[in-house]
Structures are given as C-alpha cells and as structure tokens.
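A structural walkthrough
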Amino acid sequence: MWQAIRRWFDPSDLNSVGSTPDYRFSLANERTFLAWLRTGLALIAGGLAAAQFLPPMPLRHLREVIAVALLLLGGTVAVRAVDHWSRTERAIRLGEQLPASRFPAVLALIVAAGALLLVVAVLVKGANGR
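Residues numbered from 1 in each chain as written. Predicted model: local features only at pLDDT ≥ 70, side-chain atom pairs only at ≥ 80, totals over all residues. Heavy atoms only, no water.

Next up on the list: the packing of helix 3 (residues 23-53) against helix 4 (residues 62-94). For the pair helix 3 and helix 4, the least separation of the axes is 7 Å and the interaxial angle reads 170°. On the basis of the axis angle, helix 3 is roughly antiparallel to helix 4. Within the contact of helix 3 with helix 4, the residues separate by chemical class into 20 nonpolar, nine polar and three charged. (Axes fitted to C-alpha atoms, helices over the stretch in contact; angles between N-to-C directions. Helix = DSSP H or I, 4+ residues; strand = E, 2+ residues; numbered from the N terminus. Parallel < 35°, antiparallel > 145°, perpendicular 65-115°, else oblique. Nonpolar A, V, L, I, M, F, W, Y, C, P; charged D, E, K, R; others polar.)

Time to look at the confidence of the model for the chain. Within the chain, residue pLDDT values average 87, and 97% of them lie at 70 or more. The secondary structure element of the chain with the lowest average pLDDT is helix 2 (residues 11-15), at 71, and the one with the highest is helix 3, at 94. (pLDDT = per-residue confidence, 0-100.)

With that out of the way, let us pick up the pattern of salt bridges. Summed over all chains, the structure comprises four salt bridges. In this structure, Asp83 and Arg80 form a salt bridge, with 3.5 Å as the shortest nitrogen-oxygen distance. In this pair, Asp83 and Arg80 are both assigned in helix 4, three residues apart and thus about one turn of the helix distant. Residue Asp83 shares its accessibility class with Arg80, and that shared class is buried. We classify Asp83 as buried; its relative accessible area is 18%. Here the salt bridges share partners, and the residues they tie into one network are Arg80, Asp83 and Arg87. (Salt bridge = Lys/Arg side-chain N within 4 Å of Asp/Glu carboxyl O. Buried < 20%, exposed > 50% of the residue type's maximum accessible area, 1.4 Å probe, protein only.)

Turning our attention to the nonpolar core. Ala50, Met57, Leu62, Ile66, Ala67 and Ala121 form the largest nonpolar core, which has six residues in total. By residue number, the principal contributor to this core is helix 4, which donates three residues. Once residues lying within four places of it in the same chain are set aside, the contact partners of Leu62 are Met57 and Ala121. Counting five residues, the second-largest nonpolar core is a separate cluster that includes Leu73, Val77, Phe103 and Leu107. (Core = buried A, V, L, I, M, F, W, Y, C linked by side-chain atoms within 4.5 Å. Contact = heavy atoms within 4.5 Å.)

Turning our eyes to something else, we now look at helix 3. Taking 1.5 Å of rise per residue, the 31 residues of helix 3 would be expected to cover 45 Å, and the 44 Å separating its terminal C-alpha atoms lies within 8% of that figure. Burial in helix 3 covers these residues: Ser26, Asn29, Phe33, Gly40, Leu43, Gly47 and Ala50. (Expected span 1.5 Å × (residues − 1).)

A word on a nonpolar patch on the surface. Taken together, the side chains of Leu116, Val120 and Val124 present a nonpolar region at the surface, about 250 Å² in accessible area. Along the chain, the position of Leu116 falls in helix 5 (residues 103-129). With relative accessibility at 56%, the residue Leu116 sits in the exposed group. (Patch = residues over 30% accessible without salt bridge, like charges linked within 9 Å, V, L, I, M, F, W, Y side chains within 5 Å. Areas by Shrake-Rupley, 256 points an atom, 1.4 Å probe, with all protein chains shown as cover.)

Scanning all chains against the criterion turns up two aromatic pairs. On the basis of an interplanar angle of 45° and a centroid distance of 6.2 Å, the ring pair of Phe33 and Trp85 is categorised as tilted. Here Trp85 lies in helix 4 and Phe33 lies in helix 3, a separation of 52 residues in the sequence. With a centroid separation of 5.7 Å and 55° between ring planes, the pair formed by Trp36 and Phe103 is classed as tilted. A residue pair is termed long-range when its members are at least 10 positions apart, and Trp36 in helix 3 and Phe103 in helix 5 qualify at 67 residues. Assessed through its relative accessible area of 21%, Trp36 is described here as partly exposed. Using a relative accessible area of 15% as the deciding quantity, one classes Phe103 as buried. (Phe/Tyr/Trp six-rings, centres within 6.5 Å; stacked < 30°, edge-to-face > 60°.)

This is the structure:
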C-alpha cells in the first residue's frame, strides 16, 4: 500500500518503468483523472451544501448523515482517482492491459441508493406535512 502511495508523489519512479508512451494516451489518462477529481469535488460541494442549506429532515440527524456521506464519498473518489491514474499510467508505459475497475459501478449504485433514500425522505416529509 505504501509503495502505491509513494508512486503518486514520485514522477521519477513512474518514468523509470517501461517506455515513454504516445503522449496522447498519457493526456487521455490525465483527462480521465481530472474528470474523477471534478466528480469528487462535486460530491464534497454537495456535502457542504447539505450541511448548510437542507432544512430539518423528518428523521433526526438525517441532514448530517447525508452531508457526511457525501463528504466521505467525495474524498474516496479523489483518492481512488489518483490511484487509478497511477496504475493506468504504469500499465500504459509497460504495454500491459489497462487495470479493470469496479469503482464506477459501485459509485453509481451508491449514488442511486442515496437518491432513492432521499426520495423516501421527501415523501415521508410530504406525508407528515399534510
């Protein structure tokens, strides 16, 4: 684990393996990394917005749970992005198959489940408000 983290911060280690790839592949990998970072930042912004602007919810502390979940998910996405970028760049340089990842599917399921829970919370609040 520490070896992988060290690679994130040591470009010379990455440049020492394999051969220099066509720069277009490295730039595409970097664009994907930046897209994942934007996703992480959006989740973090959503967490901060939930903490600051959501009205009290029908369940105690639901607002805080939503905010913390979004913040943690955003941080996880950011860390996962840099790890995937590093592993992909290494595979490109070595001419290996690109690393497979279940993370996009897992993230999509988590976001869908969160949306479903919010729909339930809104419906419960609407039913109690009448």
